Amino acid sequence: MRFIRAVLVVGALSLLLGLTAAIAMAAEQAGGPPKRGCLSCHTLEDKATGKYTLGYWAQERTKADYNRDHPKKALDGASIEPAQVVSVKTCLGCHGAGTGDRMGKGKFSNLSLRDIVHPAHMFSGVFGDRYNTSCFTCHNVNAEGRFDLLDEAVAVNEKGIPKSLLEGKGTIPGALPSSEVKK
Ligand code: HEC
Ligand code: HEC
Ligand code: HEC
């Protein structure tokens, strides 16, 4: 009898442990409210390498595609070294959409940021699998139907609605009009 009781207790305990682990995993996968804005993901996680700031990716990808260094300074002289956390505005100084004879290119680089980040994120297993992502991860559609860009990490409710809008402020902190509509 005592043996059976012990077996039952052990069985119940392991079932409980298994369940707790499963619940913890589910919670980790759901990962809380949706992330919105570049800086909700591109934070400095490792000072030595700069993983995973915007500047880190600029260096990493320029090495991979051209086997050379990405510029370490923006046009205004601000540092874009990998370990530096910078706003996407800094990147748009060179990668904003070009006009006139630079149509189809960036303002300074051959590539606009739009042409880099759309495929790089939409075709990335990590971006799609680890996070609950969509166009609204980086954008908000404004009254003119244009896609404003979300730069800062936006505070949102569990459905991704910005808290600033829920509070009646009418604007999202750090939301930028697309570089393509600026004259
Ligand atoms: C939900 C998290 C998340 C958000 C928000 C996010 N990114 Fe990313 N980003 C990633 C991940 C993950 C990768 C790595 C993709 C891979 O390696 O497959 C990445 C990669 C990149 C890269 C490297 C591109 C390449 O050629 O491989 C750049 C540049 C970048 N992000 C810029 C941005 C910008 C600019 C924004 C805001 C407009 C932004 N990201 C918003 C998760 C995010
Ligand atoms: C001073 C101008 C300048 C600034 C600022 C700048 N870049 Fe670049 N970027 C370049 C140039 C130049 C290249 C190389 C491609 C070319 O020849 O135009 C490049 C290449 C890249 C590439 C490689 C694209 C690929 O996959 O081959 C990525 C990614 C990138 N930049 C992201 C960024 C991000 C993110 C920022 C902001 C942190 C940024 N860049 C800021 C000039 C700039
Ligand atoms: C990882 C971040 C990210 C994601 C995800 C993303 N975009 Fe973008 N998008 C950008 C960036 C960066 C730009 C360039 C903004 C600039 O030049 O000012 C841009 C520009 C645009 C523009 C031009 C802006 C305008 O209104 O003229 C459109 C349209 C757009 N995106 C649509 C989409 C759609 C549709 C999706 C989903 C399928 C999407 N984007 C997903 C980052 C993102």
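Rules and cut-offs
Residues numbered from 1 in each chain as written. Chains lettered and ligands numbered in written order. Predicted model: local features only at pLDDT ≥ 70, side-chain atom pairs only at ≥ 80, totals over all residues. Helix = DSSP H or I, 4+ residues; strand = E, 2+ residues; numbered from the N terminus. Buried ≥ 20, exposed ≤ 12 C-beta atoms within 10 Å, placed from the backbone. Near = placed C-beta within 6 Å. Nonpolar A, V, L, I, M, F, W, Y, C, P; charged D, E, K, R; others polar. Pairing = 2+ DSSP bridges. Expected span 1.5 Å × (residues − 1). Contact = placed C-beta atoms within 7 Å. Core = buried A, V, L, I, M, F, W, Y, C linked by C-beta atoms within 7 Å. pLDDT = per-residue confidence, 0-100.

**Describing unusual backbone geometry**
The omega torsion across K51 and Y52 is 0°, close enough to zero to call that bond cis. The phi torsion at N67 lies on the positive side, around 50°, for a residue other than glycine. Take N67: it is sitting in the loop between α2 (54-66) and α3 (88-95). Its 7 C-beta neighbours within 10 Å are what place N67 among the exposed residues.

**Points about the site of ligand 2**
Inspection of the region around ligand 2 gives 23 residues, with A58, D65, C91, C94 and S109 positioned closest. When residues of the shell around ligand 2 are traced back to their parent elements, those giving at least two are α2 and α3. Counting residues per element, the shell around ligand 2 draws most heavily on α2, which supplies 7 residues. Its residues placed into classes, the shell around ligand 2 shows 13 nonpolar, 8 polar and 2 charged.

**A few points about the sheet that holds strand β2 (residues 147-150)**
Strand order across the open sheet formed by 3 strands is β1-β2-β3, with antiparallel pairing between neighbours. The open sheet has two free edges, formed respectively by β1 (139-141) and β3 (175-176), since each of these has just one partner strand.

**Details of the site of ligand 1**
Taken together, 22 residues lie around ligand 1, and C38, C41, W57, A120 and S124 are the ones closest in. Looking at the shell around ligand 1, the elements that each hand over two or more residues are α2, α4 (113-122) and α5 (125-130). When its residues are assigned to classes, the shell around ligand 1 shows 14 nonpolar, 6 polar and 2 charged.

**Quick notes on α2**
What sets the pattern is the α-helix's 3.6 residues per turn: residues three or four places apart point alike. With 13 residues, α2 extends 18 Å from end C-alpha to end C-alpha; this agrees with the ideal 18 Å at 1.5 Å per step. For α2, the full list of buried residues reads L54, G55, Y56 and A58. Next to the buried residues of α2 lie α3. Backbone geometry just downstream of α2 places N67 in the positive-phi region, at approximately 50°.

**A look at the nonpolar core**
Residues C38, L54, V88, C91 and L150 are the most contacted members of the largest nonpolar core, which totals 16 residues. For this core, the elements supplying multiple residues, two or more each, are α2, α3, α4 and β2. The biggest single contributor to this core is α3, with 3 residues. Non-local contacts of V88, meaning those with residues more than four positions away in its chain, are made with C38, L54, L149 and D151.

**Some details on the environment of S112**
With respect to the helices and strands, S112 occurs in the loop between α3 and α4. Judged by the 22 C-beta atoms lying within 10 Å of it, S112 is buried. The contact partners of S112, leaving out residues within four places of it in the chain, are H95, G96, A97, G98, K105 and G106.

**Structural notes on the confidence of the model for the chain**
Predicted coordinates in regions of low pLDDT should not be interpreted in detail. Model confidence for the chain is summarised by a mean pLDDT of 87, while 83% of its residues fall at 70 or above. The model gives residues 15-30 a pLDDT under 50, and that stretch makes 0 contacts with residues more than four places away or in other chains.

**Section: the environment of T53**
Structurally, T53 can be placed in the loop between α1 (2-30) and α2. Overall, T53 belongs to the buried group, with 24 C-beta atoms counted inside 10 Å. In sequence terms T53 and S87 are 34 residues apart; their C-alpha atoms lie 9.8 Å from each other. Beyond its immediate chain neighbours, meaning those up to four positions away, T53 contacts H42, L44, P82, Q84 and V85.

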